[in-house]
Amino acid sequence: MPVPWFLLSLALGRSPVVLSLERLVGPQDATHCSPGLSCRLWDSDILCLPGDIVPAPGPVLAPTHLQTELVLRCQKETDCDLCLRVAVHLAVHASLQAQVVLSFQAYPTARCVLLEVQVPAALVQFGQSVGSVVYDCFEAALGSEVRIWSYTQPRYEKELNHTQQLPALPWLNVSADGDNVHLVLNVSEEQHFGLSLYWNQVQGPPKPRWHKNLTGPQIITLNHTDLVPCLCIQVWPLEPDSVRTNICPFREDPRAHQNLWQAARLQLLTLQSWLLDAPCSLPAEAALCWRAPGGDPCQPLVPPLSWENVTVDKVLEFPLLKGHPNLCVQVNSSEKLQLQECLWADSLGPLKDDVLLLETRGPQDNRSLCALEPSGCTSLPSKASTRAARLGEYLLQDLQSGQCLQLWDDDLGALWACPMDKYIHKRWALVWLACLLFAAALSLILLLKKDHAKGWLRLLKQDVRSGAAARGRAALLLYSADDSGFERLVGALASALCQLPLRVAVDLWSRRELSAQGPVAWFHAQRRQTLQEGGVVVLLFSPGAVALCSEWLQDGVSGPGAHGPHDAFRASLSCVLPDFLQGRAPGSYVGACFDRLLHPDAVPALFRTVPVFTLPSQLPDFLGALQQPRAPRSGRLQERAEQVSRALQPALDSYFHPPGTPAPGRGVGPGAGPGAGDGT
């Protein structure tokens, strides 16, 4: 439907450029070309099938440059459509005659036209421009983005591409308000229009996200977590053959790009095939890496493998012979690590204490082997002091006897995973044998000096008990599930504490038992076991936890349904409060809260009868409080605090700085959720 002239004036502004837009009369497309060339436009559109690049039989006429210009196609003096004129510049790379295809895509329409061009022999100069052919014209809606490709048929070279953004109408505006984004539509009260949000795709059709028919002026609020670079907005009046206005305002928004990577997921399809699932296309490359137990960084296997370009939602393959839980996929963009997932761990179990051997093959059947370690790849055999070097002879024997698992193989090399469990068992067997010999010798000495034995054994027993408790003291972590982001932060803290001599229990890791037993029974059993073993209960305070504690202290009961069914903190208050009221908490309880989230003074006074630490600023003191009361202060406490801080920092950054992770497949727009896209 033609657009009234006053709407075009609003969109294009009052500049001299607007006044000079050329007007085309009539509905028919046309083409013309440079002097000396002959050209014609096929009567109908063609299928958009570029095909593969084929070798040129000789000199061919090929597109070299695309140039666009806005024109007006008018049915009447004041009713015009905005139209895109395209000029294709040509050069002779090889035939004097060519069929040039122009492919247009502007959501929701796409079309291809075919132009036949012929060049006289007198104009042919190899590699030089011979002129251009102009196509009038592709109609597009105000505010839309038009993508144009040009190639010959058959296709001898890579296609040209160009993107043209058309001006938008001023009654559709996007504004930001803190963490929210507002879509402001200033239309008349009686105007009926449709509003659609969709993900614009470089390849394939757009993905609709939300649609609703509305009336009158509207302000639509989007959460910042819904923004991705390809999120576009389409608005149109509810009239027959109405023109649809499209804008994609978040293409350069840093928050949208951050959300895109947070929503991206890697999916393992088969042993060798996987894909990257993300709302929008993104430039990325992927490679395999090897992750050993113990928290060391995943080491890229480049070389011998190479980085592979990644296309969203396109199946990719790695040339693996076998899967292994220690094999992970790293995805980089702009030389920055964005994603890392151990795709095979779900089906093959947790990380194994295996050594990865890299075999390199050279000319004349020469080959060399090295073992991948955090310090690098250690040649085998070697006299270095690393673990792989000390066991190098045994690893080579296992490789020769077929006890290692071959993961990859080609003409340049191979990858082998060799188990280390049996060597660890052998070393422990030697340790136990030495302990038995020492115990026998000690018994003999004690028999000779019986008078001094009892006191010495008593001291030894106390030291052993103290040392055993310090090495594995139980810690029960209690918290209020304020939101999913805080739960991820708690999980990161619990995982970091597990790297220390602590046995951590937290409801996040016991969802099945918690659901089966109920929160009160589960917490009571965990608290009793922890305190009987001389452990410590950690109360992790947050704004939600403080509110619950204050509510209990005032009313003695928590309101029903205030928190989710898995909130052990809410269930624990009936058992925790008596310990504090009766003075049994000191020595068995410790409080903590996160810097920037809660000040220790906000914790109710009753709970400040035990130490309350802020994390991570007071990590050394916090870890010291988790030790046994009579345990000696470890000289490695500062080192352990730094280790926990490093493990906790990514989760803190994710919680306090960037926006929350949008759930995959989440709807956007007002009333997002099931059925939100069925507006009529």
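This text goes with the structure placed above it.
Residues numbered from 1 in each chain as written. Predicted model: local features only at pLDDT ≥ 70, side-chain atom pairs only at ≥ 80, totals over all residues. Heavy atoms only, no water.

Undergrad: Report on the overall build of the protein, specifying residues and quantitative values.
TA: A count of helices and strands for the protein gives 15 helices and 36 strands. A separation of at least 24 residues holds for 67% of the contacts in the protein among residues at least 6 apart in sequence. When the accessible area of the protein is evaluated, it comes to approximately 35,000 Å², of which 54% is carbon and sulfur surface. (Helix = DSSP H or I, 4+ residues; strand = E, 2+ residues; numbered from the N terminus. Contact = heavy atoms within 4.5 Å. Areas by Shrake-Rupley, 256 points an atom, 1.4 Å probe, with all protein chains shown as cover.)

Undergrad: Outline the state of the cysteines, listing residues and values.
TA: Put plainly, two cysteines are in a disulfide when a covalent bond ties their sulfur atoms together. Enumeration according to the criterion identifies eight disulfides in this entry. Covalent S-S linkage joins Cys 230 and Cys 280, the inter-sulfur distance amounting to 2.0 Å. On the sign convention where negative is left-handed, the bridge of Cys 230 and Cys 280, at about -75 degrees about the S-S bond, is left-handed. With Cys 230 in the loop between strand 16 (218-223) and strand 17 (231-237) and Cys 280 in the loop between strand 20 (273-277) and strand 21 (284-290), the pair connects residues that are 50 residues apart, well separated along the chain. For Cys 280, a relative accessible area of 2% gives the class buried. (Disulfide = S-S within 2.5 Å. Buried < 20%, exposed > 50% of the residue type's maximum accessible area, 1.4 Å probe, protein only.)

Undergrad: Would you mind going over the nonpolar core in detail, with residue names and values included?
TA: Formed by 56 residues in total, the largest nonpolar core has its most connected members in Trp 274, Leu 276, Leu 301 and Val 329. Residue contacts for Leu 276: discarding those within four places in its chain leaves Ala 264, Arg 265, Leu 266, Leu 282, Val 310, Val 312, Asp 313 and Leu 339. Core analysis: the next-biggest nonpolar cluster, separate from the first, contains 34 residues, Ala 475, Ala 494, Leu 597 and Leu 648 among them. (Core = buried A, V, L, I, M, F, W, Y, C linked by side-chain atoms within 4.5 Å.)

Undergrad: Outline the side chain of Ser 273, listing residues and values.
TA: Looking at where Ser 273 falls in the secondary structure, it is placed in strand 20. Among the polar contacts made by the side chain of Ser 273, one reaches the side chain of Thr 270 at a distance of 2.5 Å. Each residue touching Ser 273, except ones within four places of it in the same chain, is listed here: Leu 268, Val 315, Leu 316 and Glu 317. (Polar contact = N/O pair within 3.5 Å; in protein donor to acceptor, adjacent residues only side chain to side chain.)

Undergrad: Tell me about the packing of aromatic side chains, and name the residues and values.
TA: On inspection of all chains with the given rule, the structure shows eight aromatic pairs. Relative to Tyr 655, the ring of Phe 486 has its centre 6.3 Å away and its plane inclined at 65 degrees; by these criteria the two rings are edge-to-face. Of this pair, Phe 486 sits in helix 9 (residues 484-498) while Tyr 655 sits in helix 15 (residues 637-656); the two residues are 169 residues apart in sequence, bridging distant segments of the chain. A relative accessible area of 23% means that Tyr 655 is categorised as partly exposed. With a centroid separation of 5.7 Å and 65 degrees between ring planes, the pair formed by Phe 541 and Phe 607 is classed as edge-to-face. Placement of the pair is Phe 541 in the loop between strand 34 (536-540) and helix 12 (543-555) and Phe 607 in the loop between strand 35 (589-594) and strand 36 (612-615), with a sequence separation of 66 residues. For Arg 209, the ring lying beneath its charged end belongs to Trp 199, and the centroid distance is 3.8 Å. Over the ring of Phe 656 we find Arg 596, and its NZ or CZ is 4.4 Å from the ring centre. (Phe/Tyr/Trp six-rings, centres within 6.5 Å; stacked < 30°, edge-to-face > 60°. Lys NZ or Arg CZ within 6 Å of the ring centre and 35° of its normal.)

Undergrad: Can you tell me about the sheet that holds strand 24 (residues 316-317), naming the residues and giving the values?
TA: The antiparallel open sheet is built from three strands, whose spatial order is 19-20-24. Only two strands of the sheet have a single partner each, and these edge strands are strand 19 (265-268) and strand 24. Sheet topology note: the strand 20/strand 24 ladder contains two bridges and is antiparallel. Its bridge partner lying in strand 24, Trp 274 is registered against Leu 316. (Pairing = 2+ DSSP bridges.)

Undergrad: If you had to explain the packing of helix 9 against helix 15 to someone new, which residues and values would you point to?
TA: Two elements in contact, helix 9 and helix 15, have axes whose closest approach is 9 Å; the angle formed by their N-to-C orientations is 175 degrees. Regarding the angle of helix 9 to helix 15, the classification is roughly antiparallel. Residue-level inspection shows Gly 485, Phe 486, Leu 489, Ala 492, Leu 493 and Ala 496 of helix 9 in contact with helix 15, the latter providing Val 644, Ala 647, Leu 648, Ala 651, Leu 652 and Tyr 655. In the contact of helix 9 with helix 15, the residues fall into eleven nonpolar, one polar and no charged. (Axes fitted to C-alpha atoms, helices over the stretch in contact; angles between N-to-C directions. Parallel < 35°, antiparallel > 145°, perpendicular 65-115°, else oblique. Nonpolar A, V, L, I, M, F, W, Y, C, P; charged D, E, K, R; others polar.)

Undergrad: Explain helix 3 (residues 254-263) to me, using residue names and the numbers behind them.
TA: Note: α-helices contain 3.6 residues per turn, so residues at a spacing of three or four share the same orientation. Buried within helix 3 we find Ala 256, Asn 259, Leu 260, Trp 261, Gln 262 and Ala 263. Taken together, the buried residues of helix 3 touch strand 19, strand 20, strand 21, strand 25 (327-333) and strand 26 (336-341). Of the residues flanking the start of helix 3, the one acting as N-cap is Asp 253, its side-chain oxygen 2.9 Å from the backbone nitrogen of Arg 255.

Undergrad: Which residues make up the pattern of salt bridges, and what are the values?
TA: Tallied over the entire structure, the rule returns 18 salt bridges. Residue Asp 136 is joined to Arg 85 by a salt bridge in which the shortest nitrogen-to-oxygen separation is 2.5 Å. In this pair, Asp 136 is assigned in strand 9 (residues 129-139) and Arg 85 in strand 6 (residues 79-94), connecting sequence segments 51 residues apart. The exposure class of Arg 85 is buried, given its relative accessible area of 10%. In this structure, Arg 255 engages Asp 253 in a salt bridge whose closest nitrogen and oxygen atoms are separated by 3.6 Å. Residue classification places Arg 255 among the partly exposed positions, given a relative accessible area of 24%. Note on Asp 253: relative accessible area 16%, which makes it buried. (Salt bridge = Lys/Arg side-chain N within 4 Å of Asp/Glu carboxyl O.)

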